Structure formats: structure tokens, C-alpha cells
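A structural walkthrough
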Amino acid sequence: MNRNNLRACREDPRRTSTDIQVSVTSPNEPVLSRRTIRRRLQVARLHGRRPHLSWGPREWANHIWSDESKFNLFGTDGIQWIRRPIGSRYAPQYQCPTVKHGDGSVMVWGCISDTSMGPLKRIGHVANWFRRRRVDLLEWPSQSPDFNPIEHMWEELKRRLKGVRASNANQKFAQLEAAWKSIPMTVVQTLLDSMPRRCQAVIDAKGYPTKY
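Residues numbered from 1 in each chain as written. Predicted model: local features only at pLDDT ≥ 70, side-chain atom pairs only at ≥ 80, totals over all residues. Heavy atoms only, no water.

Attention now goes to the overall build of the chain. Along the backbone of the chain there are eight helices and three strands. Each helix and strand of the chain, placed in order from N terminus to C terminus, yields the pattern α-α-α-β-β-β-α-α-α-α-α. For the chain, the proportion of its 212 residues judged to be buried stands at 29%. Considering only residue pairs separated by 6 or more positions, the chain has 69% of its internal contacts joining residues 24 or more positions apart. (Helix = DSSP H or I, 4+ residues; strand = E, 2+ residues; numbered from the N terminus. Buried < 20%, exposed > 50% of the residue type's maximum accessible area, 1.4 Å probe, protein only. Contact = heavy atoms within 4.5 Å.)

Structure below.
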């Protein structure tokens, strides 16, 4: 009976003690309790463990990752610092240009998959944009780990447009659209290939921040 227990466990490591109890029990033999089965497996050093997550290269096929992001025409939303000599506060080279009338940024939406990149779309209020198109959205808890690889696509877009200025929102979107189209699919594939590592990192960190 002990050999049967070990054989059943080794044939399928996912079997529970109840599964093994059913598979090895015969009408002419006594029924082992689940506790006894677990104890005998532990003696054989077959302990219950959480399996390591493992995905194949096509595990993320047929998934679409989407997100929206805001791009400023000039600078960032945070405080900017410059280094300048004393008394040169108003010199043009030490000033940061601003855009008036609240038109200093462009909100865009994009999506990626394992086979292609969707076109970049200029949008206004994100929730209203989805509502008009009857797109059902999932509830997303606050302060949750962000697994969305498209976040890194926005960083790639910002790197490609670093130092590029725009005089208005239309010109800024044209720049974003051109830069988006220039990103090769190899960048997307690299991001999607990192998904197993991202998920495992969050599990190992028990939901706390990771390097991703």
C-alpha cells in the first residue's frame, strides 16, 4: 500500500491525499486515512509545496494589453530644477516655456498584443471614451501591482521623444504617433517574455513593490 501511495504521487504530483486514497483503495484492503497517506509521503520526502509558475512562450497569445497615458507638450507635471549663475533668473536659456489655456498635454490610448501593435488614439476623458464605445471595464483595486507591460511602452515613447518640442497639441500627437509606429515588435516581445518573471516577482514579494 505504501508503494502504491508513492507511485500514485509520483505519477501525478498534483494529486491530493483524497485523490490518492481513492486511487489506491481496493475492496480487499483496509482504507488508509488521508493523514496516514500524507505522513507516509512526508517520510518519503514528498512534501506539499506551492508550484513554481511556469509559462510557455505562447502563454500570452490572444491577450491585448491596453492603457492610456498623458504626454505634456513641455516638461513634466513635477517641479523642475535648473543650474544657473546668480542674477540670470530671467535669461531665456534658463527659463522653461509653458502653454496657456490648459492645452499643454495630450492624452493617448494604445494597445499591444503578441502579434501586433494597435494604432495610437488621441482621447479626451478616458472613462467617457470607453463608455461611448460600450467597453466593459474591470474593477481595478487601488495600490495594486501593475502587471501591464504597456507601461514600459510609454517609457519607450518618452525616450524616443526626449528633447523634441511641440508648439501645440496636434503637433505633439503627430510626433507621438510617428514615434509609436517606429517602435519595433521586438520591444513588445521582450516585454511579453518578461511576464512570467513579473508575476513571480510579485508573488515572491507578497504583493509589495518589485523592480518592475
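Right, let's get into the environment of isoleucine 64. Among the secondary structure elements, isoleucine 64 is positioned in the loop between helix H3 (34-43) and strand E1 (65-72). In this structure isoleucine 64 comes out as exposed when scored by relative accessible area, which is 64%. The residues contacting isoleucine 64, other than those within four sequence positions of it, are Cys111, Ile112 and Ser113.

For helix H1 (residues 2-11), every residue scored as buried is listed here: Asn5, Leu6, Ala8 and Cys9. Looking straight down H1, one finds its buried side chains confined to an arc of 160°; they lie on one side. The exposed residues of H1 that point more than 90 degrees off its buried face are Arg3, Arg10 and Glu11. Among the structural elements, helix H2 (17-24) and H3 are those in contact with the buried residues of H1. (Arc of directions from axis to C-beta.)

Turning our attention to the packing of aromatic side chains. A full pass over the atoms with the stated rule returns two aromatic pairs. When the ring of phenylalanine 71 is compared with that of tryptophan 154, the centres are 6.0 Å apart and the planes differ by 75°; the resulting orientation is edge-to-face. Of this pair, phenylalanine 71 sits in strand E1 while tryptophan 154 sits in helix H5 (residues 150-160), and the two are 83 residues apart along the sequence. According to the relative accessible area criterion, tryptophan 154 is buried, its value standing at 2%. Through successive ring pairs, a cluster of aromatic residues spans Phe71, Trp154 and Trp180. When the ring centre of phenylalanine 71 is taken as origin, the NZ or CZ atom of lysine 158, which lies over that ring, is 5.8 Å away. (Phe/Tyr/Trp six-rings, centres within 6.5 Å; stacked < 30°, edge-to-face > 60°. Lys NZ or Arg CZ within 6 Å of the ring centre and 35° of its normal.)

Here the focus is the nonpolar core. Ranked by internal contacts, the top residues of the largest apolar core, which has 23 residues, are Val108, Leu120, Met153, Trp154, Leu157, Leu176 and Trp180. For this core, the elements supplying multiple residues, two or more each, are E1, strand E2 (105-112), H5, helix H6 (169-182), helix H7 (185-193) and helix H8 (195-204). Among the elements that make up this core, the one with the highest residue count is H6 (five residues). For methionine 153, the residues in contact, after removing those within four places along its chain, are Ile112, Met117, Trp180, Ile183, Val187, Val188 and Leu191. By size, the runner-up hydrophobic cluster in this structure holds seven residues, among which are Cys9, Ile20, Ile37 and Leu41. (Core = buried A, V, L, I, M, F, W, Y, C linked by side-chain atoms within 4.5 Å.)

Quick look at the pattern of salt bridges now. Opposite charge on two side chains permits them to pair, given that their charged atoms come into close proximity. Evaluation of the coordinates by the stated rule reveals three salt bridges. Note that arginine 159 is salt-bridged to glutamate 156, the shortest N-O span being 2.8 Å. Of the two residues, arginine 159 and glutamate 156 are both situated in helix H5; the distance of three residues between them amounts to about one turn of the helix. The partner of arginine 160 in a salt bridge is glutamate 156, and the shortest N-O contact between them spans 2.8 Å. Separated by four residues within a single helix, arginine 160 and glutamate 156 lie in helix H5, roughly one turn from each other. Residue arginine 160 is classed as partly exposed on the basis of its relative accessible area of 33%. Within this structure, Glu156, Arg159 and Arg160 form a network of salt bridges that share partners. (Salt bridge = Lys/Arg side-chain N within 4 Å of Asp/Glu carboxyl O.)

On to the sheet that holds strand E3 (residues 121-123), then. Strands in a sheet are paired, the pairing made by backbone hydrogen bonds, and the direction either parallel or antiparallel. What the three strands build is an open sheet, ordered E1-E2-E3; its pairing is antiparallel. Edge positions in the sheet fall to E1 and E3, since each of these pairs with one other strand and no more. Each strand axis lies, on average, 35° off the axis of its neighbour in the sheet, ignoring direction. Relative to E2, E1 runs antiparallel, the two sharing eight bridges. Of the residues in E2, the one forming a bridge with serine 69 is valine 108. (Pairing = 2+ DSSP bridges. Axes fitted to C-alpha atoms, helices over the stretch in contact; angles between N-to-C directions.)

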